[in-house]
Structures are given as C-alpha cells and as structure tokens.
Amino acid sequence: RVEGAVVAVDLATGRPRWDTEVPSTAVVRVTPDPATALIIHDSGRFEVRDLADGALRAARHMPAADYAEDNPRIAGGVLVLRHHQRSGAVLTGYDLGTLAPRWELLDQAREARWVNCPGGLCARTPDDHWTLDPADGRLSWQRGDGQPWRAIRGSDDRLLGIGQDATEQGRV
C-alpha cells in the first residue's frame, strides 16, 4: 500500500520520471507488457499509467470486490477481477490498456483459488482444476478428456483424478 504519491524513478540515473498524488491509499502493480503502472485506489478507481511518462492511459471505477494480493490478476494484457453480482461470484476480464470489459464468466469464481501456471491463469476449486484463457475467458483443462478433474484420495505427494466423461461411461 502506498500513501501520498507514486513516484516513478529512472533506475539508471535515480531521477524521478513522473509522479502522481494518491488521495488516500492505493496498491500499485507494474506490468512489463504493456509497460504500465496499475494504480488501484481504495475508492475502487483503477488507473493505468504509462511507465515512461506517467500519462493516464485509462481510468474507471470497478465493481466492489475483495481486493487482495491475488485479486485482481493480470495475464496476457488482461486484468481479471473477481467480484460479486446479484447472480453470484463473477470473473470479469478487462483490457489492460483501456480497462474496457472484454468478457465475463459466472460461477467459476465462487470458490476458486488462483495457482501459478505457465501461459495463463489457473485456479483450483474443491471439485476441479482449470485454466482460464485471459484473451477470451474460455475455460480449459490441461489434461485428460477436456473435462474437469475430480480429486480422489491419494498419497501426500500424488494427486489422482477421474475425468468426468470416464465416470459417466463407467470407466476410470
């Protein structure tokens, strides 16, 4: 969390490049591609600033959410926010350059815990593991028959699972 001002410093010279005031407190995340600073204000206002000169690329008020270290997530030029609507938990993907909504996914967000994985956003719920394509919000599963894997008991260092269509057909 930061208070007062955000100052971008040129690492080669130590000189400030730009600064912006933060009215209360905020969280700042730096993204390499595109090279931006995402400033998440306590008020729910998100700002995307160019790292080179501090120019405001986009700003918008986001839905109320439980903002935490893993919310929102950034991958593939998309900001993914977990928040709640009347219908329940939602994941919404926003273009990181403009903060315009790109897609929305219902239900998968309710009990998901983000886990690290290469090339995407991966989550684990009590019933399955999935990968979210940040570009379009499509869910996919990396192994098996393309269906969610259900965890079953195994040893401490092994995860065993059954593909959904295998159980429907009586196969394991």
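Residues numbered from 1 in each chain as written. Predicted model: local features only at pLDDT ≥ 70, side-chain atom pairs only at ≥ 80, totals over all residues. Heavy atoms only, no water.

**Here's the deal with unusual backbone geometry**
The phi torsion of most residues other than glycine is negative, and most of the peptide bonds are trans. Asparagine 71 connects to proline 72 through a cis peptide bond whose omega is 5°. On the secondary structure map, proline 72 appears in the loop between strand E5 (56–61) and strand E6 (73–75). Positive phi values are uncommon outside glycine, yet leucine 99 reaches one of about 65°. Its place among the elements puts leucine 99 in the loop between strand E8 (88–95) and strand E9 (101–106). (Helix = DSSP H or I, 4+ residues; strand = E, 2+ residues; numbered from the N terminus.)

**Considerations on the pattern of salt bridges**
Under the definition given, this model contains seven salt bridges. The structure contains a network of salt bridges with shared partners spanning Arg45, Glu47 and Arg49. (Salt bridge = Lys/Arg side-chain N within 4 Å of Asp/Glu carboxyl O.)

**A closer look at the pairing of strand E7 (residues 78–85)**
Counted residue by residue, E7 has six buried out of eight residues, so it is predominantly covered. Between the end of E6 and the start of E7, which pair antiparallel, lie two residues, with glycine 76 showing a positive phi angle near 55°. For E7 and E8, the ladder comprises eight bridges, and the chain directions are antiparallel. What sits directly across from histidine 83, in E8, is valine 90. In this structure, the hairpin formed by E7 and E8 is closed by a connection of two residues. (Buried < 20%, exposed > 50% of the residue type's maximum accessible area, 1.4 Å probe, protein only. Pairing = 2+ DSSP bridges.)

**Quick look at the sheet that holds strand E2 (residues 16–31)**
Read from one edge to the other, the open sheet built from five strands follows the order E1-E2-E3-E4-E5, with strand pairing classed as antiparallel. Looking along the sheet, the strands with just one partner apiece sit at the ends: strand E1 (2–9) and E5. Adjacent strand axes in the sheet meet at a mean angle of 15°, parallel and antiparallel pairs treated alike. With six bridges joining them, E2 and strand E3 (residues 36–41) adopt antiparallel strand pairing. The residue of E3 that forms the bridge with alanine 26 is histidine 41. (Axes fitted to C-alpha atoms, helices over the stretch in contact; angles between N-to-C directions.)

**Topic: the sheet that holds strand E10 (residues 113–115)**
The strands that make up a sheet are held in pairs by hydrogen bonds between backbone atoms, and each pair lies either parallel or antiparallel. One open sheet accounts for four strands, arranged E10-E11-E12-E13; its pairing is antiparallel. Both outer strands of the open sheet, E10 and strand E13 (139–140), are each paired with one neighbouring strand and no more.

**Quick notes on the pairing of E8**
Buried residues dominate E8, accounting for six of its eight residues. The turn joining E8 and E9, which pair antiparallel and follow one another in sequence, is formed by five residues; a positive phi near 65° is taken by leucine 99.

**Overview of the environment of threonine 36**
Relative to the elements of secondary structure, threonine 36 occurs in strand E3. Residue class for threonine 36 comes out buried when judged on its relative accessible area of 0%. Counting along the chain gives 11 residues from threonine 36 to glutamate 47, while the straight-line C-alpha distance between them is 9.7 Å. Excluding residues within four positions of it along the chain, threonine 36 makes contact with Arg29, Val30, Thr31, Val48, Arg49, Leu51, Arg57 and Leu96. (Contact = heavy atoms within 4.5 Å.)

**Observations concerning the confidence of the model for the protein chain**
For the protein chain, per-residue confidence averages 80 on the pLDDT scale, and residues scoring 70 or more make up 75% of the total. Across residues 164–172 the pLDDT falls below 50, and counting only partners more than four positions away or on other chains, this stretch makes 12 contacts in the model. (pLDDT = per-residue confidence, 0-100.)

**Here we look at the nonpolar core**
Among the nonpolar cores identified, the biggest contains 12 residues, and these are Ala75, Val78, Val80, Leu91, Trp103, Leu105, Ala112, Trp114, Leu121, Ala123, Trp130 and Leu132. Elements represented by at least two residues in this core include exactly E7, E9, strand E11 (121–124) and strand E12 (129–132). Each residue touching tryptophan 103, except ones within four places of it in the same chain, is listed here: Val78, Val80, Leu91, Thr92, Gly93, Leu132, Asp133, Pro134, Ala135, Asp136 and Gly137. Core analysis: the next-biggest nonpolar cluster, separate from the first, contains 11 residues, Phe46, Leu81, Leu96 and Leu99 among them. (Core = buried A, V, L, I, M, F, W, Y, C linked by side-chain atoms within 4.5 Å.)

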